[in-house]
Amino acid sequence: MLQNLPDFVGHALRGQRAGLDQIAFNRLPLRGGKGAIAVGSLAFVDHGPLPVLYTADGDGVSPPLQWTGIPATATSVVLIVEDADSPTPHPLVLAIAVSLAGEDGALGQGALNDDADAPEEARLGRNSYLRHGWLAPDPPPGHGRHRYAFQVFALAGDATLPETPGRDALMEVLEKDAIASGMAIGTYERHDTTVAASDGMAQGAVA
């Protein structure tokens with residue numbers, strides 16, 4: 001959607017970023033204690049680049065994920081994926097999944113795209129475009145590297161969420177019932193279209 005924006009727009013917005021401190025994982029005190037969940041993916045390494053397949057420049061499917069370290073007292077698991085570097089006041093939400101089983105688990109490739117591919121017990125929430133499911137990474141050209149935070153939380157209790165919850169409703173529940181958290185970050189960047197392909201590849205190798 002944003003791939004056709006002029007490069008100067010991305011450059012003008014370079015200083016405008018939501019910030020990693022605004023994502024759900026860093027807004028809650030859990031990262032300082034209680035429990036740590038290990039989050040990973042077979043598609044990318046933590047803080048490494050996301051393959052194009054999972055972005056708006058590719059097929060736009062959600063990447064596979066797995067998590068371990070869910071406390072025995074957890075009743076369910078929730079996931080929220082946010083763009084920490086979106087040029088917006090708050091991080092852009094790419095996906096929300098709630099009611100995942102309260103145990104170590106995984107999501108296959110494309111599981112966040114729609115309910116048909118999600119685990120039977122899970123429900124998908126609304127992304128920042130008010131759509132149901134996965135919003136593929138789509139950074140403005142020339143805006144620089146974006147960090148996409150795949151955040152997993154374990155919940156205790158029986159909090160009730162809307163059928164398709166948004167970020168605000170999810171944060172209320174997390175503040176009340178989250179007992180453990182974990183995160184993995186994947187990155188993606190659209191280089192300036194004015195940069196030669198060979199130069200862009202060289203820059204990518206250095207980054």
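One structure accompanies this document, and this report is about it. These figures come from a predicted structure and were not determined experimentally.

Quick look at the environment of leucine 161 now. If you trace the backbone, leucine 161 turns up in the loop between β8 (146-155) and α3 (167-177). Relative accessible area serves as the criterion here: at 13%, leucine 161 is assigned to the buried category. Put simply, leucine 161 and valine 173 are 12 residues apart on the chain and 7.7 Å apart in space, counted from C-alpha to C-alpha. In contact with leucine 161, not counting residues within four places along its chain, are Val98, Arg123, Ala169, Leu170 and Val173.

For histidine 47, which is not glycine, the phi dihedral falls at a positive 70°. Mapped onto the secondary structure, histidine 47 falls in the loop between β1 (38-40) and β2 (48-49). When its relative accessible area of 47% is taken as the criterion, histidine 47 is described as partly exposed. Residues other than glycine seldom take positive phi values, yet serine 99 does so here, at roughly 65°. Structurally, serine 99 can be placed in strand β5 (residues 92-101).

Spatially, β2-β9-β8-β4-β5-β7 is the arrangement adopted by the six strands of the open sheet, whose pairing is mixed. Only two strands of the sheet have a single partner each, and these edge strands are β2 and β7 (123-124). In the sheet, β2 pairs with strand β9 (residues 178-188) via two bridges, with the strands oriented parallel. Its bridge partner being in β9, glycine 48 is matched across the sheet by glycine 186.

According to the stated counting rule, one finds two aromatic pairs in the structure shown. Summarising the aromatic geometry, the rings of phenylalanine 44 and phenylalanine 150 are spaced 5.3 Å apart at their centres and angled 40° between planes, so their arrangement reads as tilted. Of the two residues, phenylalanine 44 sits in the loop between β1 and β2 while phenylalanine 150 sits in strand β8, which places them 106 residues apart along the sequence. Accessibility classification places phenylalanine 44 together with phenylalanine 150 in one group, the buried group. Members of the aromatic cluster, connected to one another through ring pairs, are Phe44, Trp134 and Phe150.

Conventions we followed
Residues numbered from 1 in each chain as written. Predicted model: local features only at pLDDT ≥ 70, side-chain atom pairs only at ≥ 80, totals over all residues. Heavy atoms only, no water. Helix = DSSP H or I, 4+ residues; strand = E, 2+ residues; numbered from the N terminus. Buried < 20%, exposed > 50% of the residue type's maximum accessible area, 1.4 Å probe, protein only. Contact = heavy atoms within 4.5 Å. Pairing = 2+ DSSP bridges. Phe/Tyr/Trp six-rings, centres within 6.5 Å; stacked < 30°, edge-to-face > 60°.

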